[in-house]
Structures are given as structure tokens and as C-alpha cells.
Amino acid sequence: MSEQDEELHQQALSEKLLGMVHGSWMSQVTCVAAELGIADLLANGPTRADELARVAGCHAPSLHRLLRALSSLDLCRECADGTYELTPMGALLRADAPNSIRSWAIWWGRHLWPVWGQLQHSIKTGESARKFITGAKGFEHLERDAALATLFNSAMAELSRVAVQAVIRAYDFSVMRQIVDVGGGQGELLAAVLNSHPATRGVLFDLPHAIDSAQQHLQRCGVADRCERIAGSFFESVPGGADAYLLKSVIDDWNDERAGVILANCRRAMPQSAKLLLIEPLMPTKLGTSPFHQSMARVDLNMLVAHGARERTEAEFRELLGAGGFQVARIVATGTHYNVIEAIPC
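Residues numbered from 1 in each chain as written. Predicted model: local features only at pLDDT ≥ 70, side-chain atom pairs only at ≥ 80, totals over all residues. Heavy atoms only, no water.

Draft legend 1. Expanded view of the overall build of the protein chain. For the protein chain, the count of helices and strands is 15 helices and nine strands. Relative to the globule expectation of 20 Å for 346 residues, the C-alpha radius of gyration of the protein chain, 22 Å, shows essentially globular dimensions. Overall, the C-alpha framework of the protein chain stretches about 65 × 55 × 40 Å when taken along its three principal axes. Relative to its 346 residues, the protein chain shows a buried fraction of 47%. Just so you have it, the protein chain exposes about 17,000 Å², and 53% of that area is on carbon and sulfur atoms. One way to put it: in the protein chain the 32 positive side-chain charges average out to a point 4 Å from where the 39 negative ones average out. (Helix = DSSP H or I, 4+ residues; strand = E, 2+ residues; numbered from the N terminus. Rg over C-alpha atoms; globule rule 2.2 N^0.38 Å. Buried < 20%, exposed > 50% of the residue type's maximum accessible area, 1.4 Å probe, protein only. Areas by Shrake-Rupley, 256 points an atom, 1.4 Å probe, with all protein chains shown as cover. Lys, Arg positive; Asp, Glu negative; His and termini not counted. Charge placed at Lys NZ, Arg CZ, Asp CG, Glu CD.)

Draft legend 2. Looking closely at the packing of aromatic side chains. The tally for this structure, following the rule as stated, stands at nine aromatic pairs. Between W104 and W108, the aromatic rings sit 5.9 Å apart at their centres with planes inclined by 50°, giving tilted as the arrangement. A residue pair is termed a helical-turn pair when its members lie 3 or 4 positions apart in one helix, as W104 and W108 do in helix α6 (residues 102-116) at four residues. On the basis of relative accessible area, W104 is assigned to the buried category, the value being 17%. Among the aromatic residues, those joined into a cluster by ring pairs are W107, F139, F152, F234, F235 and W254. Above the ring of F235, the side-chain terminus of R258 is found at 3.8 Å from the ring centroid. (Phe/Tyr/Trp six-rings, centres within 6.5 Å; stacked < 30°, edge-to-face > 60°. Lys NZ or Arg CZ within 6 Å of the ring centre and 35° of its normal.)

Draft legend 3. The environment of L63, seen in detail. Tracing the chain through its elements places L63 in helix α5 (residues 60-72). Owing to a relative accessible area of 4%, L63 belongs among the buried residues under this scheme. Non-local contacts of L63, meaning those with residues more than four positions away in its chain, are made with L36, I38, A49, L52, A53 and C58. (Contact = heavy atoms within 4.5 Å.)

Draft legend 4. Molecular detail of a nonpolar patch on the surface. On the surface, a nonpolar cluster with roughly 320 Å² of combined accessible area is contributed by L17, M20 and V21. Considering the arrangement of structural elements, one finds V21 in helix α1 (residues 3-21). (Patch = residues over 30% accessible without salt bridge, like charges linked within 9 Å, V, L, I, M, F, W, Y side chains within 5 Å. Salt bridge = Lys/Arg side-chain N within 4 Å of Asp/Glu carboxyl O.)

Draft legend 5. Region of the structure containing the packing of α6 against helix α14 (residues 291-307). Across the interface, α6 lies against α14 with an axial gap of 9 Å and an inter-helix angle of 75°. For the element pair α6 / α14, the angle class is roughly perpendicular. Contacts between α6 and α14 pair W108, L112, V115 and W116 from the former with R298, L301, N302, V305 and A306 from the latter. A per-class count over the contact of α6 with α14 returns seven nonpolar, one polar and one charged. (Axes fitted to C-alpha atoms, helices over the stretch in contact; angles between N-to-C directions. Parallel < 35°, antiparallel > 145°, perpendicular 65-115°, else oblique. Nonpolar A, V, L, I, M, F, W, Y, C, P; charged D, E, K, R; others polar.)

Below, the structure is given as C-alpha cells:
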């Protein structure tokens, strides 16, 4: 490589690295736009920046600068007459969009932002940065703040919505007559399963902050009459007697010791013929540089800073389940980051 080529190569590497270092600006721009309801305000058509500023209660020149930034991210676009209009991707920040990710944008940009700022603490100690900052363990912070719990449950439902139909297409729930969704939040996945299988009944089991807000969603989905809601902690017990126990994005929230308690409680509640279904991503044994691997690295570190937990490889899931009295029957890929890990009692 010539000296000039080496200089150009180093320049390209520097620009790529700087792009990574500066990448956090995008989550903040998106978060603020979601909090201000910019997508909702643009839903009725192109609008001038000063009018948006008046309605949103913002400094007009500064909001104009935010709109330009959103345009650079393809979340809105500036029209020839100087107005701004929503793009298809920007429409996903609308509160009423069928596939909205507004709550997750706010959760990530507002509530995970300070937690990630303490990543070094988690790397040095292996402990939750949230606990370090707030003193709250697990999901205690949601029990203390109803508004925060509402935002969190909405954000989790949005993430579930992305994967729900893929899970239902990939896994056959038709033989199951009763399903307990353990830690199921507002019931996004369980409601979709019940809608696809009219003969099946469900039990939604979670902490009170989630169960209290789930009824409205279940009614909207038309399954409230086939879904019992039970509030409780999966660290204490789990409702018994079902054909299947569904846990989506639950085990990765906890370290091995706490995850083992959850699995043991499920095992005690389950008939010998029942199945345990973990809906989780599988951590590759070795990470490369693909977008999927980068996403898995992000999710894994997010589990660390938020909960002192981690994502697991297939071998680690098999070991954890084995210690809890289960054996893995099969692993069903869904075409998304998620897999259905089907386990049966030993």
C-alpha cells in the first residue's frame, strides 16, 4: 500500500470511528421528537416549523433545527414551500401508529440514557448501573412510579409487536388449551396467540403495574373473556396447571441465580406433560461485525447496565434449563432475533 493509500485508509477508519462515537445524537433527536409529539402534529399534513413550535411550546428557531436533523434521518422531509411533512419511517413515532415505537424511543433516549452513562461501573463490577444510580433492584423503580411503569409497559409491547407474528408463524400453539404467559406485560404476545387459536385460553401473569394496565389491551384485541389476569411475582410462585408456560424476554433480564428461581417456580407449577417456551435471542459464541452481531452486543450490554444480567448462548440456555429440571426439546427459529426454546420437564 502506498503512503497516500495508507493515509486515505487511516482517514476512512477515523471517519468510521467518529461516526460510532457521535451516533448517540440520533437517539436523542428521536427521543425528543417523540416526547414533543412531532409525528402526531405532522399527521394531518405538511406544517410550518413556526406553527409546530407554537403548538409544541418550543423556541421556533431551535425546533426548526430539530426538524432539519429529523430530515437528515428520514423521519420527516422539508417541502419546497418550507413546510415539513412526515415520512413513512417517521410515522412510526406516532402514538396511534399500528407499529409505533414512540414509547421505546422515549424509554431508550430518556431512561436508559443515564444508565448507559455508567457502563464502566457495570463492566468493573458486573452489577446493574441502574441499581448503582437509583438503588432500585430489578423492576422496583416501576412499582414506585405509575407514569414510568406505563411508559415501560408500552415500550415493551412495542418491541414485542415487532416479533409476535413471526413467533406465531414459526411455532404451532394449536394443541395447547391453556397458556400461562409469565411476565407477559400487557399481553401483546398472549393476545396474538389467543386470536390465532380461538379454542385456547390464557393466563397473563405479571407484577401489578403491568396487570393493572393490561385489561384495556386485551379488550381491544377481543380476548379479554378468554384471558385471566393474575398479579404476582414469579420469584414467589407461578399459576399452575397449564399446557404451556410462555416466557418472552424474561430470562435475559436476570442473572443465573435469579433466572434459576423463575425456572424452578415454573417447574413446580407445570404438569409433567406441559411445555416451557422461552422466547429469547441466542447469543452467538463469537461475535463478528454484522448488523445482527452488533445488535446482539447492544442488547447484551443493555441487560448488563439495566439489570446486571446478560444474553445467553444456546449452550448456556441448555445448562441453565438443565439445572432447573428441564431438557431442551427443540429450538425453533422465527426469522427474527428471537427463537422459541421449547423445553420439557425432566
